[in-house]
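# Breakdown of the fold
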Amino acid sequence: MTARQSSGPRSVTLPEAITVKGLSDRLGISPIEAIKRLMTHGVMAAMNDTIDYETAAIVSSELGIAPSPEAAPGAVAPAGRADEEEATEEAGAPRPPVVTILGHVDHGKTSLLDAIRDTNVVAGEAGGITQHIGAYQIERGGSPITFIDTPGHAAFTAMRARGAQITDIAVIVVAADDGVMPQTIEAIDHVRAADVPMIIAINKTDLPAADADRVKQQLTEQSVVVEEYGGDVLAVPVSATTGTGLPELLEAIDLVSEIQELNANPERLATGTVVEAELDSRRGALATVLVRNGTLRQGDALVSGLISGKVKAMFDERGERLKEAGPARPVRIMGLEDVPAAGDAIEVVESERAARRIVEQARREEEGAAGARRGGITLDTLFNEVSAGNVKELLLILKTDVRGSAEAIRGSLQGLGTGEVKVKVIHSATGPVSESDVMLADASGAIVLAFNVRTETSAASQAEINGVEIRTYEVIYQLIESVDQALEGLYEPVYERVVDGTAEVRQLFRSSRVGQIAGCYVTDGTLLRGDRVRVLRNGDEVADTSCGGLRRFQDDVREVQQGFECGVVLERFDAFEEGDLLEFYHQQRVN
Ligand code: GDP
């Protein structure tokens, strides 16, 4: 090693992490020399790789330049705090809007996304085949617009339920020949619940059956009043097939975006949201990240939940390599140690070591919190939440058998709000409770009220996982009463017995192991192993306990149906008599 020339700096401040190039600039040496020096210490780093303070300090001292630590710009925020307040509240430079397209199936969401993407084939970029990476950005007269490439409200609300509200503007597509349909209304409700401004794209205007006026009228019925009718919602007639109206749609997006004054600070360390991710057999975890704030750079150390990593390489939607990506830019990154989930926050931290430390701490916290399930608001807890000042609005999602009952229920609910808390139905529709309803409830902190409709199995399990409450009612006044009582703090759950099956005791046996066994004949319904059982003798209840065992021919069984014989053992009951009636039942809440 040659001694350092006297013309160079005598001291240098170094951040907690720096690229090799950055270090060489500060030390006044060539990057190659920096790389060589690092190699002598066993550190194999390329020009854009990041090294930590300690390593950089060694190289610096070796050159006779005294290193000292630089005050970290914005100390490490805890993982997972990449929220949108940070992105928007912070003063900074204007950033492009992020747009999601929603609407009824087959109304042309995908076609519209493709058509918009095609408007952007800039000369010189030919040959770059666009890939679907979950989001793309177009350039419109110098102002870029980012589109989320997964259309529909399921994805939109799923992201929101994960705390990732990435959409600034929602474009609701309505086919001009088909008009407003159930999923159009659902999309409108989901967008409203998210408090995101909407633009209407009236699509398929090339078709002879197109009737844009009818669409506008139907929208008015949903309280979406377009400008032409005196409202403030922009509606643009388009055709994804012919391209008509696309420039006007993009202009409308620009306009709404300007009103919103979207800002971000490109100077800070990047935060972002995972839009899509997958495991590639060659390149490992690939994640499309939408940069929310700051600038993401190659070599940056990353944390996403329990995953750490580093941006080894970054690509745009055309597969071209990028060195950096500013706010609202979607980029596909390589270098995370595992595959994150869509909606996960991602954050740049100052060094890979810091990333690992944060992940380890998050993992420990996660283990500590294992078993604690996330609970949403429930009618039972509502009063406490209101008293504690945590809840000002009771948000409800109403699913009913017919529209008439929805209207009746909405009418009655409106009168219920108290001074402290308002009742607001954020979505109401006919049909079973779906996964999309549960997601909306989760994302918005709402309760689902199901009136004479079932809950889809997938929705029930989703609700269980996310702690979303689904209440089922068959009588309107009971529904109204329970909401009312919850608001008043009087709520007490009421249970009803639902009989699953009945059996008659015909013979008695005794087992040294389990005690008395009743030989029964199932007269009605089905006996379930997990049921509670009432023992009735001459019409009087002599016991109410739970089933301790069900047997057919020495085998333990889960259920026995009508017309079959079986052996029954009850918990803490050993006094059967021939002729006793056993009523197998379960409890169901009725309010
Ligand atoms: P999505 O389910 O909302 O994503 O709808 P798609 O984009 O898949 O479109 C559904 C169908 O409508 C496809 O057959 C499209 O070709 C057709 N389509 C979409 N946009 C237009 C349009 O502007 N005009 C006409 N005539 N057909 C369209």
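As the structure is a prediction and not an experimental result, all values here were calculated from the model. (Residues numbered from 1 in each chain as written. Predicted model: local features only at pLDDT ≥ 70, side-chain atom pairs only at ≥ 80, totals over all residues. Heavy atoms only, no water.)

## What to know about the pairing of strand E27 (residues 515–528)
Alignment of strand E26 (residues 495–511) against E27, held across ten bridges, turns out to be antiparallel. The residue of E27 that forms the bridge with Glu504 is Tyr521. Here E26 folds back onto E27 in antiparallel fashion, the turn holding three residues. Alignment of E27 against strand E32 (residues 565–570), held across four bridges, turns out to be antiparallel. Bridging across to E32, Gly519 finds its partner in Gly567. Note that E27 and strand E31 (residues 559–561) share three bridges and pair antiparallel. For Leu527, the partnering residue across the bridge sits in E31 and is Val560. (Pairing = 2+ DSSP bridges. Helix = DSSP H or I, 4+ residues; strand = E, 2+ residues; numbered from the N terminus.)

## Focus: the nonpolar core
Residues Leu112, Ile116, Phe147, Val171, Ile199, Leu249 and Ile253 are the most contacted members of the largest nonpolar core, which totals 25 residues. Of all the secondary structure elements, the ones that give two or more residues to this core are strand E6 (98–103), helix H5 (109–118), strand E7 (135–140), strand E8 (143–148), strand E9 (169–175), strand E10 (198–203), strand E11 (234–237) and helix H9 (246–260). Those residues in contact with Ile199 that lie beyond four places of it in its chain are Ile169, Ala170, Val171, Ile172, Leu234, Val236, Leu249, Ala252, Ile253 and Val256. Leu382, Leu394, Val423 and Leu479 belong to the second largest nonpolar core, which has 21 residues in total. (Core = buried A, V, L, I, M, F, W, Y, C linked by side-chain atoms within 4.5 Å. Buried < 20%, exposed > 50% of the residue type's maximum accessible area, 1.4 Å probe, protein only. Contact = heavy atoms within 4.5 Å.)

## Digging into the sheet that holds E8
Whenever strands of a sheet pair, they do so through backbone hydrogen bonds, lying parallel or antiparallel. Reading across the sheet, the six strands line up as E7-E8-E6-E9-E10-E11 and stay open at both edges, with mixed pairing between neighbours. One side of each edge strand has no neighbouring strand; the edge strands of this open sheet are E7 and E11. Neighbour-to-neighbour, the strand axes of the sheet open up by a mean angle of 30 degrees, direction not taken into account. Bridging between E9 and E10 involves six bridges; their strand directions are parallel. Across the sheet, the residue bridging to Ile172 is Ile200, located in E10. Helix-sheet contacts for H5 involve E6, E7, E8, E9 and E10, and the interaxial angle to E6 is about 145 degrees. (Axes fitted to C-alpha atoms, helices over the stretch in contact; angles between N-to-C directions.)

## What about unusual backbone geometry?
Even without being glycine, Ser223 reaches a positive phi, approximately 65 degrees. Relative to the assigned elements, Ser223 resides in the loop between helix H8 (212–221) and E11. The class for Ser223 is exposed, based on a relative accessible area of 53%.

## Brief notes about the site of the ligand
Around the ligand sit 15 residues, and of these Asp106, Lys109, Thr110, Ser111 and Asp206 come closest. One nitrogen or oxygen atom from the side chain of Lys204 is found 2.9 Å from an oxygen atom belonging to the ligand. Take the shell around the ligand: its biggest share by element is three residues, from H5. Across the shell around the ligand, the residue classes tally to three nonpolar, eight polar and four charged. (Near = heavy atom within 4 Å. Polar contact = N/O pair within 3.5 Å; in protein donor to acceptor, adjacent residues only side chain to side chain. Nonpolar A, V, L, I, M, F, W, Y, C, P; charged D, E, K, R; others polar.)

## Remarks on the pattern of salt bridges
Tallied over the entire structure, the rule returns 30 salt bridges. Of the charged contacts in the structure, one is a salt bridge between Arg332 and Glu278, with a shortest N-O distance of 3.4 Å. Highlighted residues: Arg332 in strand E20 (residues 330–336) and Glu278 in strand E13 (residues 271–280), separated in sequence by 54 residues. With a closest N to O distance of 2.5 Å, Arg471 and Glu469 form a salt bridge. Classification of Glu469 by relative accessible area gives buried; the value is 12%. Linked through salt bridges whose partners overlap, the residues forming this network are Arg497, Arg534, Glu541 and Glu583. (Salt bridge = Lys/Arg side-chain N within 4 Å of Asp/Glu carboxyl O.)

## What about the side chain of Lys399?
Checked against the element boundaries, Lys399 lands in strand E22 (residues 393–400). Only 2.6 Å separates the side chain of Lys399 from the side chain of Asp437, close enough to count as a polar contact. Excluding its chain neighbours within four sequence positions, the residues that come into contact with Lys399 are Ala429, Thr430, Gly431, Pro432, Val433, Ser434, Asp437, Leu449, Ala450, Phe451 and Val453.

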